[in-house]
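Architecture at a glance
Each chain, written out:
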Amino acid sequence: MRRATASRIGRGLVWLYLCAIYAFIFLPVVVLVVFSFQDGRLPVPPLQGVSLKWYFKVLSDRDLIAALLNSALVAGVSSAVALVLGFLAAHGLARQVLPGSAWLRGVLIAPIAVSSLIIALGLLSLFNQMGVRLSLLTAGIGHVVINLPLCFAICYAAMGDHQKAAERAARDLGASEVQVLALVSAPMLAPALGAAFFLSMTFSWDEFLIAFLLTRFDVTLPVEIWSMLRSGLSPATNAVGSLVFLVSVAAVFGAQAVRRQA
Amino acid sequence: MTAGVSVQGVTRAYGAARALDAVSLEIAAGEFVVLLGPSGCGKTTLLNILGGFAEPDQGRVLIGGRDMAGVGPKDRPTTTVFQDYALFPHMTLAQNVGFGLRMRGVSGSVRAARAEEMLALVGLAGRGARRPHEMSGGQRQRVALARALAVEPDVLLLDEPLGALDLKLRRSMQDELKAIQRRVGTTFVHVTHDQEEAMAIADRIVVMNAGRIEDEGAPRQVYLNPKSLFSAGFMGEINRIPLEGDWRPVPGPGVLCIRPEAFGAHGLDLGTGRVLDCAFFGAYLRAHVAPDAAPAMRLVVHVPQGAAPDPGAEIALRATTWGVLRA
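Residues numbered from 1 in each chain as written. Chains lettered and ligands numbered in written order. Predicted model: local features only at pLDDT ≥ 70, side-chain atom pairs only at ≥ 80, totals over all residues.

**What to know about the overall build of chain B**
Looking only at helices and strands, one finds eight helices and 18 strands in chain B. With the C-alpha coordinates of chain B rotated into their principal frame, the extents come out at 75 × 45 × 30 Å. Look at the contacts in chain B between residues 6 or more apart in sequence, and 63% of them connect residues 24 or more apart. (Helix = DSSP H or I, 4+ residues; strand = E, 2+ residues; numbered from the N terminus. Contact = placed C-beta atoms within 7 Å.)

**Regarding the interface of chain B and chain A**
Facing 16 residues of chain B, the contacting portion of chain A comprises 15 residues. At the level of secondary structure, the elements contributing two or more residues to the side of chain B that touches chain A comprise β6 (78-81) and α2 (93-103) of chain B. If one sorts the elements of the side of chain B that touches chain A by residue count, α2 of chain B sits on top with three residues.

**Digging into helix α5 (residues 167-184) of chain B**
Residue and element names in this part refer to chain B. The end-to-end C-alpha distance of α5, which contains 18 residues, comes to 26 Å, matching closely the 26 Å that a straight helix rising 1.5 Å per residue would cover. Restricting attention to buried positions, one finds in α5 the residues Arg-170, Met-173, Gln-174, Leu-177 and Gln-181. The buried residues of α5 all sit within an arc of 120° when viewed along its axis, so they share a single face. Among the exposed residues of α5, those pointing more than 90 degrees away from its buried face are Lys-168, Ser-172, Asp-175, Ala-179, Arg-182 and Arg-183. (Expected span 1.5 Å × (residues − 1). Buried ≥ 20, exposed ≤ 12 C-beta atoms within 10 Å, placed from the backbone. Arc of directions from axis to C-beta.)

**Here we look at the sheet that holds strand β1 (residues 5-14) of chain B**
Residues and elements named next belong to chain B. Taken together, four strands build an open sheet; the order of strands is β2-β1-β4-β5 and the sheet is antiparallel. Since the sheet does not close on itself, it has two edges, and those belong to β2 (17-27) and β5 (66-67), each with one partner. As paired strands, strand β4 (residues 58-63) and β5 are joined by two bridges and run antiparallel to one another. Counterpart to Leu-62 in the pairing with β5 is Asp-67. (Pairing = 2+ DSSP bridges.)

**With respect to the pairing of strand β14 (residues 268-280) of chain B**
All names here are of chain B. Of the pairings in the sheet, the one linking β14 to strand β17 (residues 314-319) comprises five bridges and is antiparallel in character. When the bridges of β17 are listed, Arg-274 appears paired with Glu-314. For β14 and strand β15 (residues 284-291), the ladder comprises seven bridges, and the chain directions are antiparallel. If you follow Phe-280 over to β15, its bridge partner there is Leu-285.

**A closer look at the sheet that holds strand β11 (residues 239-242) of chain B**
All names here are of chain B. Sheet architecture is open: three strands sit in the order β11-β12-β18, paired in antiparallel fashion. Both edges of this open sheet fall to β11 and β18 (323-326), since each of them pairs with a single strand only. Between one strand and the next, the sheet's axes are offset by a mean angle of 35°, whatever the strand orientation. Two elements, strand β12 (residues 254-258) and β18, share four bridges in a ladder whose sense is antiparallel. Residue Cys-257 lies in a different strand from β18, and its bridge partner there is Gly-323. (Axes fitted to C-alpha atoms, helices over the stretch in contact; angles between N-to-C directions.)

**Remarks on the confidence of the model for chain B**
Residues and elements named next belong to chain B. Looking at chain B as a whole, its pLDDT mean stands at 90, while 98% of the residues score no less than 70. Across chain B, the secondary-structure element scoring lowest on mean pLDDT is β18, at 84, and the one scoring highest is strand β3 (residues 32-36), at 95. At the level of chain-chain contacts, confidence expressed as ipTM amounts to 0.82, with global pTM at 0.79. (pLDDT = per-residue confidence, 0-100.)

**A short note on the packing of helix α3 (residues 108-121) of chain B against helix α4 (residues 137-150) of chain B**
Residues and elements named next belong to chain B. In contact at an axis separation of 9 Å, α3 and α4 are set at 130° when each is read in the N-to-C sense. In this view, α3 runs oblique relative to α4, as classed from their interaxial angle. At the point where α3 passes α4, the crossing takes the right-handed sense. Only Ala-146, Leu-149 and Ala-150 of α4 make contact with α3, whose side of the interface consists of Arg-114, Ala-115, Met-118, Leu-119 and Leu-121. (Parallel < 35°, antiparallel > 145°, perpendicular 65-115°, else oblique. Left-handed = near helix turned anticlockwise from the far one by under 90°.)

**Description of the domain arrangement of chain B**
Residues and elements named next belong to chain B. When the domains of chain B are assigned, the result is domain 1 (5-231) and domain 2 (237-326). Listed as interface residues are four residues of domain 1 and, on the opposing side, four residues of domain 2. By residue class, the composition of the side of domain 1 that touches domain 2 is two nonpolar, two polar and no charged. (Domains from an automatic or database assignment. Nonpolar A, V, L, I, M, F, W, Y, C, P; charged D, E, K, R; others polar.)

**Some thoughts on the nonpolar core**
Residues Cys-151, Cys-155 and Ala-196 of chain A together with Leu-35, Val-189 and Val-206 of chain B are the most contacted members of the largest nonpolar core, which totals 143 residues. When residues in this core are grouped by element, the largest group, eleven residues, is from helix α6 (residues 136-158) of chain A. Looking at which domains feed residues into this core, each of domain 1 (5-231) and domain 2 (237-326) of chain B supplies at least three. Filtering out sequence-adjacent residues up to four positions away, Val-206 of chain B remains in contact with Leu-25, Val-33, Val-34, Leu-35, Leu-36, Ile-213 and Glu-216 of chain B. (Core = buried A, V, L, I, M, F, W, Y, C linked by C-beta atoms within 7 Å.)

**A short note on the pairing of β3 of chain B**
For a regular strand, the rule is simple: side chains alternate between the two faces of the sheet. All names here are of chain B. When you tally the buried positions in β3, you get five out of five residues, the bulk of the element. Residue alternation in β3 divides its side chains into two sets, Phe-32, Val-34 and Leu-36 and Val-33 and Leu-35, and both sets are buried. Of the pairings in the sheet, the one linking β3 to strand β8 (residues 187-192) comprises five bridges and is parallel in character. Residue pairing for β8: Val-34 is matched across the bridge by His-190. Judged from the four bridges that link them, β3 and strand β9 (residues 204-209) form a sheet pairing that is parallel. The residue of β9 that forms the bridge with Val-34 is Ile-205.

**What to know about unusual backbone geometry**
For residues that are not glycine, phi is negative in most cases, and the peptide bond is trans in most cases. Residues and elements named next belong to chain B. The phi angle at Tyr-85 is positive, at roughly 70°, despite the residue not being glycine. Secondary-structure assignment places Tyr-85 in the loop between β6 and α2. Take Tyr-85: there are 23 C-beta atoms within 10 Å of it, and that puts it in the buried class. Even without being glycine, Ala-210 reaches a positive phi, approximately 50°. Within the secondary structure, Ala-210 sits in the loop between β9 and β10 (212-217).

Next comes the structure, spelled out in structure tokens:
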């Protein structure tokens, strides 16, 4: 009887612990979202009433919408480029035994370990020396640099003997290398390719440091939000943040959905 | 569509190891040849060289009289049935079977008709819309066969195609494979390490060992008149009795070879022997016998089902068929 009670208490503690962890992780997000509906001028308690006015304000702000579209463009294009490069590199390194291919793999993945501040500063001085003007293009290049290792690692891990055998069979049946890639390798890896693409999208979408240092007149959304914050707290920032969060969540769910198809 | 294959002095080394050592082999158009040997004997390397997945270091390969040097798998008149099937998991069975035709620019409707025809040939009529993961191992292997045959290759290469199947299924697929080969008339080159499979399907068995061809011939000939001790031992159980002095046709020390089932009522007289033990194998009894002339020696003798000699019983040892090979 006592043992049953003890175990019940134990169970209760486990659940409490679980709830505490989730609260710790999600409370900031919940606060952000809740006060984006604040019917007042400051996103701080108490909640003075529920209103969508900040969302209307945000969505009618030209600069914000422009930044949002810029972010989508940079995220979409840079992720696609990183994915194609990462896939081809993974395919090549998985198929061919080159001298020093372990070393090559290491060098391809290494940028993951480098802080994005360092990458941004390096690219900044490189672009300055080359005389390249800062723009969305330069920020996009920066995002390719951080996302390429991720795409490469995901694609490389997904390539197994199974895949190798199917590619061999395709060649045996008369497929050219391009046909092997397009008709066998890529479709067989579709879940991994989708996961890599959506993860890259979320990283690029949220990325601030590189985008801040490598853009000038056209900026991405995180940079625009940062400049909004300089003029003080406002529920409008919360509303933008909630929208950004919504997009990220959608992308993560997208990645999970394609991965589950495997 | 069918063509002969000529392998001329092909050598292939991997590092210091010689996978193939000056192998020459002529295969006639429409022949069903089985390359038989233990793992590492070079049979798969030879198949890879025929398929264009590896190039010989020396020697050359002709298919239908055409030199295959520098011709990749894509452009060879060969297709392969792989041991692990290597089907395309994201395609339906019909798309799998039609893949080779698609690569040759055949239109979709012709492809679909041909795929259905090939699936029917391997006993999978009407399953074209299924996917490979819905099929059993044996069915996948049939699809792989249909896919390889759909492009009407001159030579079909089979790399241990039945290796992943259970014994019963393997035996029934053997019969089917042989029947399909008869119908399509394509030259089949089949690799296996299972000598029963080889005997069941081959027009000609090529026994390989350590990168060389040890023996070749019709199953009956290779089994009954092997050219080497290795070949004799690989084709089935055999008793080896060392001989002293010169025995024609072999100069120098020879070995008398007798299959366990060759012991009978008449033939070469080896005196009597004592039965040590006897086990029931269904169609026959398998006995260990110590010949009186050499009590330390152990012979394996197949005894008819009806006779059940007790341990210690004396039996006459007479070999109806036998051979002498160089030691």
